[in-house]
Amino acid sequence: MSSPTFTGIIAFKGGVGKTVLSASLGIGLSYMLKRRVLLVDLDPQANLSEVFLTETTLSAVIKKAFETDRVFSFDLIIRPAENPIIYEIPGIPGLYLLPSHHKFMREAAYGINVPMDRAVSFRGILGRLTKELELDHVIIDFPPQMYQYVITIAAASADYIVTPVAKGAFSIPSVGYLIETYYDVAKVIRREPSVFLGAILTRYDEGNSKLIKLSRERVKETVSKSFKNVNLSPPPVDPVFDTVLYYNPLLTKIRGQLIGFTPYIVKHILGKYTSDVSRRLQDRLKANIASLVREFEERLNWLAALEKSRES
Ligand SMILES: Nc1ncnc2c1ncn2[C@@H]1O[C@H](COP(=O)(O)OP(=O)(O)OP(=O)(O)O)[C@@H](O)[C@H]1O
Ligand SMILES: [Mg+2]
């Protein structure tokens, strides 16, 4: 990749697989494509941090943060802090995490007022980190709901947004609300590019091609309608990724490992744990993630090339 990209993983619907998608993109881009990636956990529930920080490593991270005057993700938004914790994921060179902490649930419960200048300075801090760490990608995992906060920060900090869609009643209509509100705010902030990179179907069964096809069509209709509603042309990419992040039992246990240093999911990707878990699940997961990150970069490259040809 030529310049670093900032991608927000967003959905208004909760539990659709944002965190699993963020983790998969992070692992796939770094481990399989050898990119340098920063994952940013912006959820006060800190689920992405739980994926990568076991209880053993979390206490070490907190101790080090205290000693070196470093802060968690949310501190950068709610107060004028500048120096985030950057945690190197063990086992995967080039993969970093800027963790969140559930202590921010207090702020979240009382309502977070995000001044625009803090949202913009958050992007500035991420920009500085891309230089320091020589990053190719920044992937930001947003919380569900907290709509106003999510949309403002996403519009100010991400160039691209990706939204996971799972089976379930509100999941598809929520894509429409997301696009309309995101572009409304992005227009005001006027930072280019603000691109909907696509929806990704998640947690669908690999064999259920009929449901996958139907959902894909319904998402396409929803996206097309919502771009019309905000008077914009949709980006010149298929609104739904070809890759589906399929249901995989390994992904149901991705969070909350208590002890040890290497995260559960990283161990599977590295091919450990083979005595307990069928090798087949690991192979399927690796192939699925490889396809996901290939398509993710293809889309980014295609849009960047298009942008360049428009400029010249
Ligand atoms: N492809 C998948 N295969 C199996 N389980 C999955 C998959 N994707 C997500 N899950 C499981 O579904 C649950 C919700 O996923 P996840 O936490 O990623 O959703 P989320 O959108 O980030 O949720 P929240 O809105 O709370 O942030 C988790 O228990 C996760 O392990
Ligand atoms: Mg989540």
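Just so it is clear, the structure is predicted and the values come from calculations on it, not from any experiment.

Student: For this particular structure, what's the right way to read the pairing of strand β4 (residues 95-98)?
Tutor: Both faces of the sheet carry side chains from a regular strand, because those side chains alternate between them. Covered by surrounding structure in β4 are Leu95 and Leu97 together with Tyr96 and Leu98, the residues of both alternating faces. One ladder, built from four bridges, connects strand β2 (residues 37-41) with β4; its direction is parallel. Within the sheet, the bridge partner assigned to leucine 39 lies in β4 and is leucine 97. Where strand β3 (residues 87-88) meets β4, two bridges bridge the pair, whose relative direction is antiparallel. Counted as the bridge partner of glutamate 88 is tyrosine 96 from β4. The antiparallel pairing of β3 with β4 creates a hairpin that spans six residues between the two strands, and glycine 91 there sits at a positive phi of about 95 degrees.

Student: What is the right way to look at the side chain of threonine 163 in this model?
Tutor: Relative to the elements of secondary structure, threonine 163 occurs in strand β6 (residues 160-165). The exposure class of threonine 163 is buried, given its relative accessible area of 1%. A distance of 2.6 Å separates a polar side-chain atom of threonine 163 from the backbone oxygen of isoleucine 10.

Student: Is there a simple way to explain helix α3 (residues 55-68) in this structure?
Tutor: Turn by turn, an α-helix covers 3.6 residues, leaving residues three or four places apart pointing in a common direction. The first and last C-alpha atoms of α3 sit 20 Å apart over 14 residues, in line with the 20 Å expected at 1.5 Å per residue. Where α3 is concerned, the buried positions are Thr57, Val61 and Ala65. Angularly, the buried residues of α3 cover 75 degrees about the axis, an arc narrow enough to put them on a single face. Opposite the buried face of α3, by more than 90 degrees, sit the exposed residues Glu55, Lys63, Phe66 and Glu67. Its buried side turned inward, α3 meets α2 (47-52) and β3. Backbone geometry just downstream of α3 places aspartate 69 in the positive-phi region, at approximately 60 degrees.

Student: I keep staring at the pairing of strand β1 (residues 5-9) and nothing clicks. Help me out?
Tutor: The buried fraction of β1 amounts to five of the five residues, a majority that puts the element mostly inside the structure. The alternating pattern of β1 places Thr5, Thr7 and Ile9 and Phe6 and Gly8 on opposite faces, both of which are buried. Sheet analysis places β1 next to strand β5 (residues 137-141), joined by five bridges and oriented parallel. Bridged to isoleucine 9 within β5 is aspartate 141. Direction of pairing for β1 relative to β6: parallel, over a ladder of three bridges. Paired with isoleucine 9 across the bridge in β6 is valine 162.

Rules and cut-offs
- Residues numbered from 1 in each chain as written.
- Chains lettered and ligands numbered in written order.
- Predicted model: local features only at pLDDT ≥ 70, side-chain atom pairs only at ≥ 80, totals over all residues.
- Heavy atoms only, no water.
- Buried < 20%, exposed > 50% of the residue type's maximum accessible area, 1.4 Å probe, protein only.
- Helix = DSSP H or I, 4+ residues; strand = E, 2+ residues; numbered from the N terminus.
- Pairing = 2+ DSSP bridges.
- Polar contact = N/O pair within 3.5 Å; in protein donor to acceptor, adjacent residues only side chain to side chain.
- Expected span 1.5 Å × (residues − 1).
- Arc of directions from axis to C-beta.
- Contact = heavy atoms within 4.5 Å.

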